[in-house]
Amino acid sequence: MATVGILVGVTNLGYLFTNGLQRRIIPEVLAGVLAVALIALLIDLLLVLAGRWLMPWTAARPRRARRARNSAPEAVGTR
């Protein structure tokens, strides 16, 4: 996930991990994980929205409820 930082121009997001782990500073490690995860989710959301905008014919259509063949319920064991 740290490579996502390079896409947005932040090349040192991995530094938070390595420096925090080496110095055993847990809040620094958590800050790095949170920053990278948020950036990854944001980029994923943007890619999904771009895909829906560029290819509207592939959008999922709402499913219709299946209707029963007969309106009366079948008796148990009559099949």
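Residues numbered from 1 in each chain as written. Predicted model: local features only at pLDDT ≥ 70, side-chain atom pairs only at ≥ 80, totals over all residues. Heavy atoms only, no water.

Across its full length, the chain holds 3 helices and 0 strands. Reading the chain from its N terminus to its C terminus gives the helix and strand order α-α-α. Within the chain, buried positions represent 13% of all 79 residues. Put simply, the chain shows about 7500 Å² of open surface, and 63% of that area lies on carbon and sulfur atoms. (Helix = DSSP H or I, 4+ residues; strand = E, 2+ residues; numbered from the N terminus. Buried < 20%, exposed > 50% of the residue type's maximum accessible area, 1.4 Å probe, protein only. Areas by Shrake-Rupley, 256 points an atom, 1.4 Å probe, with all protein chains shown as cover.)

With that settled, the discussion passes to the side chain of Glu28. Mapped onto the elements of the fold, Glu28 is located in helix 3 (residues 26-54). The contact partners of Glu28, leaving out residues within four places of it in the chain, are Tyr15, Leu16, Asn19 and Gly20. (Contact = heavy atoms within 4.5 Å.)

Moving on, we get to helix 3. Relative to the 42 Å expected for 29 residues at 1.5 Å per residue, helix 3 spans 42 Å between its end C-alpha atoms, a close match to the ideal helical length. Turning to helix 3, its buried residues are Glu28, Val29, Gly32 and Val36. (Expected span 1.5 Å × (residues − 1).)

For the rest of this paragraph, the subject is a nonpolar patch on the surface. A surface patch of nonpolar side chains, amounting to about 380 Å² of accessible area, comprises Leu42, Leu45, Leu46 and Leu49. Leu42 gets classed as partly exposed once you look at its relative accessible area, which sits at 49%. (Patch = residues over 30% accessible without salt bridge, like charges linked within 9 Å, V, L, I, M, F, W, Y side chains within 5 Å. Salt bridge = Lys/Arg side-chain N within 4 Å of Asp/Glu carboxyl O.)

Before going further, it helps to spend a moment on the confidence of the model for the chain. Chain-level statistics for the chain give a pLDDT mean of 75 and a share of 59% at 70 or above. Here helix 1 (residues 3-7) stands out as the least confident element of the chain, with mean pLDDT 55; helix 3 is the most confident, with 88. (pLDDT = per-residue confidence, 0-100.)

For Glu28, a relative accessible area of 16% corresponds to the buried category. Taking C-alpha positions, Glu28 is 6.0 Å from Leu16, a pair spaced 12 residues apart along the chain.

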